[in-house]
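Take a look at the letters that make up each chain.
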Amino acid sequence: MKLNWSDVTPHRIYLDRRRFMAGSVAALAFAGQAQALTGRPSPLSTDEAPNSFEEITQYNNFYEFGTGKEDPARNAGALTIDPWAVEITGLVDRPGRYAVEDLAPENALEERIYRLRCVEAWSMVVPWIGVPLASVLNRAGLRPSAKYVEFETLLRPEEMPGQRRPILDWPYCEGLRIDEAMHPLTILATGLYGQPMPRQNGAPIRLVVPWKYGFKSIKSIVRINLREDQPLNTWQQMQPSEYGFYANVNPEVDHPRWSQATHRRIGAGLFAGREPTLMFNGYADQVASLYAGMDLRVNY
Ligand SMILES: Nc1nc2c(c(=O)[nH]1)N[C@H]1C(S)=C(S)[C@@H](COP(=O)(O)O)O[C@H]1N2
Ligand SMILES: [Mo]
């Protein structure tokens with residue numbers, strides 16, 4: 001297979017950057033903007049080559065900014081992300097409004113290079129920067145009665161043109177079972193590729209759950225609510241026969257309208273073959289035990 005320059009460059013530059021990351025001058029030069037955000041490397045990262053910054057920021061799903069893959073990059077620029085507060089409510093000892101820096105302080109940031117598999121059967125590898133969601137929930141004082149966590153995206157139709165139309169039941173909501181939320185792979189991300197989170201990717205703070213279909217990884221979060229009963233997530237509410245609460249990546253359980261056995265890797269080239277989809281998106285060793293004894297055809 002012939003690689004061309006644009007195929008190999010992003011990753012090479014990226015590896016070089018990682019090598020020289022200690023010098024923030026290199027980081028600044030790379031980021032090409034005033035602010036750099038670094039996270040220490042994590043053993044939970046994949047060693048697969050990340051997609052390019054262009055791919056990750058130009059091909060997005062963020063229906064608040066439109067349903068086309070290029071709409072978020074085109075329309076998200078107007079979103080006000082400073083000031084921003086995340087409200088933590090429900091079954092915690094310390095409810096309140098928290099600043100993003102309180103939830104994800106710079107000295108706690110980690111880099112997590114994860115596979116991302118969309119339910120639409122495409123995938124990428126993204127070098128996120130963030131903190132374990134568990135660290136945030138622990139600091140908020142999770143109560144034993146909290147069995148589920150619910151997340152909500154900002155509701156602001158003035159700045160989110162997609163919200164002016166009833167495409168989904170706004171605001172976008174998601175949820176996790178507490179053991180999923182506390183799993184070390186689950187993070188709140190505030191950046192990627194060594195810089196603050198681009199708006200089209202869910203600035204200033206979004207969830208990343210790498211073993212689940214991408215729609216679980218809710219963007220631009222303003223509320224985290226701890227509750228006893230299972231929340232209804234937006235896509236399940238829209239189309240319950242097609243999208244469930246769990247949404248674990250599973251090549252053996254097809255979407256009613258397409259196969260989930262394989263996917264297209266973004267950036268792999270027009271003529272690249274499809275890749276086989278792995279159980280739990282390749283994270284089975286770490287997460288399969290969460291679902292022991294559950295029928296994953298019923299709990300899709
Ligand atoms: N608020 C919100 N979060 C969202 C979405 C959305 O439309 N709105 N799309 C989801 C889907 S379907 C995917 S695949 C991922 C895409 O994340 P990315 O654009 O950073 O790759 O975001 C998820 N989070
Ligand atoms: Mo998705």
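Look up: the structure comes first, before these words.
Cut-offs used in this document
Residues numbered from 1 in each chain as written. Chains lettered and ligands numbered in written order. Predicted model: local features only at pLDDT ≥ 70, side-chain atom pairs only at ≥ 80, totals over all residues. Heavy atoms only, no water. Helix = DSSP H or I, 4+ residues; strand = E, 2+ residues; numbered from the N terminus. Buried < 20%, exposed > 50% of the residue type's maximum accessible area, 1.4 Å probe, protein only. Areas by Shrake-Rupley, 256 points an atom, 1.4 Å probe, with all protein chains shown as cover. Near = heavy atom within 4 Å. Polar contact = N/O pair within 3.5 Å; in protein donor to acceptor, adjacent residues only side chain to side chain. Nonpolar A, V, L, I, M, F, W, Y, C, P; charged D, E, K, R; others polar. Pairing = 2+ DSSP bridges. Arc of directions from axis to C-beta.

As a further point, take the overall build of the protein. Regarding its fold elements, the protein presents nine helices and 13 strands. Counting every position in the protein, which comprises 300 residues, the buried fraction comes to 53%. When the accessible surface of the protein is totalled, it reaches about 13,700 Å², and 54% of it is carbon and sulfur.

Here the focus is the site of ligand 1. Around ligand 1 there are 17 residues in total, and Asn-60, Tyr-63, Glu-64, Thr-153 and Lys-219 lie nearest to it. Asn-61 places a polar main-chain atom, nitrogen or oxygen, 3.2 Å from a nitrogen atom of ligand 1. Separating an oxygen atom of ligand 1 from a backbone N or O atom of Tyr-63 is a distance of 2.8 Å. Starting from 530 Å² of accessible surface for ligand 1 in isolation, the protein chains cover 97%. Here the residues of the shell around ligand 1 are counted per class, giving eight nonpolar, six polar and three charged.

Side-chain positions along a regular strand alternate between the two faces of the sheet. When you tally the buried positions in strand β11 (residues 221–227), you get six out of seven residues, the bulk of the element. Here strand β2 (residues 85–90) pairs with β11 via four bridges, running parallel. If you follow Glu-87 over to β11, its bridge partner there is Arg-223. Alignment of strand β6 (residues 148–153) against β11, held across six bridges, turns out to be antiparallel. In the sheet register, Tyr-148 faces β11, and the bridge partner there is Arg-227.

Let us now look at helix α6 (residues 133–140). Listed in full, the buried residues belonging to α6 are Leu-133, Ala-134, Val-136, Leu-137 and Ala-140. For α6, the angular spread of buried residues about the axis comes to 160°, placing them on one side.

Of the two faces of strand β12 (residues 262–265), only the one carrying His-263 and Arg-265 is buried; Thr-262 and Arg-264 on the other face are not. As defined by bridge partners, strand β5 (residues 122–132) adjoins β12 across two bridges and the pair is classed as parallel. Within β12, the position partnered with Trp-122 by the bridge is Arg-264. Here two bridges tie β12 to strand β13 (residues 275–276), and the two strands are oriented antiparallel to one another. Considered in β13, the bridge of His-263 is made with Glu-275.

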